[in-house]
Amino acid sequence: MFLSIIVPTKNEEEHLGALLKDLRAQSFHDTEVIVADARSTDGTRAIASRYKARTVDGGLPGEGRNMGVEKARGDLFLFLDADVRLASKHFLRDALKEMRVRQLDVMAVRVLPDSGRMMDRAMHRIYNWYIRATQSFHPHAAGACLFAKRHMHEALGGFDESITLAEDVDYVKRGAKIGYFGILKSSPVYISTRRMDKEGRGTMAVKYLKAEAHLVTKGPIRHHEVPYDYDYNQKK
């Protein structure tokens, strides 16, 4: 099984190298890494080159993932955000085994914060509980780490690029209607709290509660009804 790992980026020089280092250290090596870069003005592309990742032009996360898939050779895709860290060198091996055994077509993961703050841990615990509780009737996924088989991605027509927030939720919700969706049991991943640091914990909580209410009552979020800032490394 050949795995194409696709990372959408924009000005990610502070984080990308650590992720690529984690991927290089994995015990599963039948992979390629594609960085779909949205016109970064920092050293993102140079870091990708240093780690022998292929770079293609990207855009917003959904668009970048789709553009990465266009160049991918794998029969299985892993979409990762640049600020993700893999806690185990066997993460890929174990995740792919679980996906195969459970016969999943799309697989999300639990996420943990890379900070030790009690509030951050609590917020992520609530999120992880919620996605487990609703997975059978209202599937969710963090696009920070999302597995999908090629045939599923193609059947869905990829990520809906007209969606400006929670395109990952839309992706797995559509996927669950035509295939098998599940949440990885074996291991979580760690994600940066930079979004919380930049916008504030309270503001982020309100934003995502509004986004969830929109998803439940109105469907996918388009036309920036809930604001989204892609470049979290840009200074205020």
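Residues numbered from 1 in each chain as written. Predicted model: local features only at pLDDT ≥ 70, side-chain atom pairs only at ≥ 80, totals over all residues. Heavy atoms only, no water.

K.L.:
Got a minute to help me understand the environment of Ala-122 in this structure?
P.N.:
Within the secondary structure, Ala-122 is located in helix α5 (residues 118-134). Expressed as a C-alpha distance, the spacing of Ala-122 and Arg-194, which sit 72 residues apart in the sequence, is 16 Å. (Helix = DSSP H or I, 4+ residues; strand = E, 2+ residues; numbered from the N terminus.)

K.L.:
Mind showing me how you'd approach the layout of surface pockets here?
P.N.:
By volume, the largest pocket is sized at about 1,200 Å³. Tyr-127, Ala-142, Ile-191, Met-204 and Tyr-208 are the residues nearest the centre of the largest pocket, which is lined by 41 residues in total. Looking at the lining of the largest pocket, the elements with two or more residues in it are β1 (3-9), α3 (61-71), α5, β9 (163-165), α7 (167-178), α8 (194-199) and α9 (201-217). Element by element, the count of residues in the lining of the largest pocket is highest for α9, at seven residues. (1 Å grid on protein atoms, 1.4 Å probe; cavity = no way out; pocket = protein on both sides within 12 Å on 5 of 7 lines; lining within 4 Å. Points joined across faces, edges and corners; volume = space filled by probe spheres on them.)

K.L.:
How do you make sense of unusual backbone geometry when you look at a structure like this?
P.N.:
Excluding glycine, residues mostly carry a negative phi; peptide bonds, for their part, are mostly trans. Even without a glycine there, the phi angle at Lys-52 is positive, about 65 degrees. Relative to the helices and strands, Lys-52 is located in the loop between α2 (44-50) and β3 (54-57). You will see that Gln-103, though not glycine, has its phi angle at about 55 degrees, which is positive. Along the polypeptide, Gln-103 turns up in the loop between α4 (91-101) and β6 (106-108).

K.L.:
When you look at the packing of α5 against α9 in this model, what are you seeing that I'm missing?
P.N.:
For any two helices packed against each other, one specifies the inter-axial angle together with the distance between the axes. Axis separation between α5 and α9 bottoms out at 12 Å; the angle between their running directions is 10 degrees. Classified by the interaxial angle, the pair formed by α5 and α9 is roughly parallel. Across the interface between the two elements, Met-119, Asp-120, Met-123 and Tyr-130 from α5 touch Arg-201, Ala-205 and Glu-212 from α9. Among the residues forming the contact of α5 with α9, the class breakdown is four nonpolar, no polar and three charged. (Axes fitted to C-alpha atoms, helices over the stretch in contact; angles between N-to-C directions. Parallel < 35°, antiparallel > 145°, perpendicular 65-115°, else oblique. Contact = heavy atoms within 4.5 Å. Nonpolar A, V, L, I, M, F, W, Y, C, P; charged D, E, K, R; others polar.)

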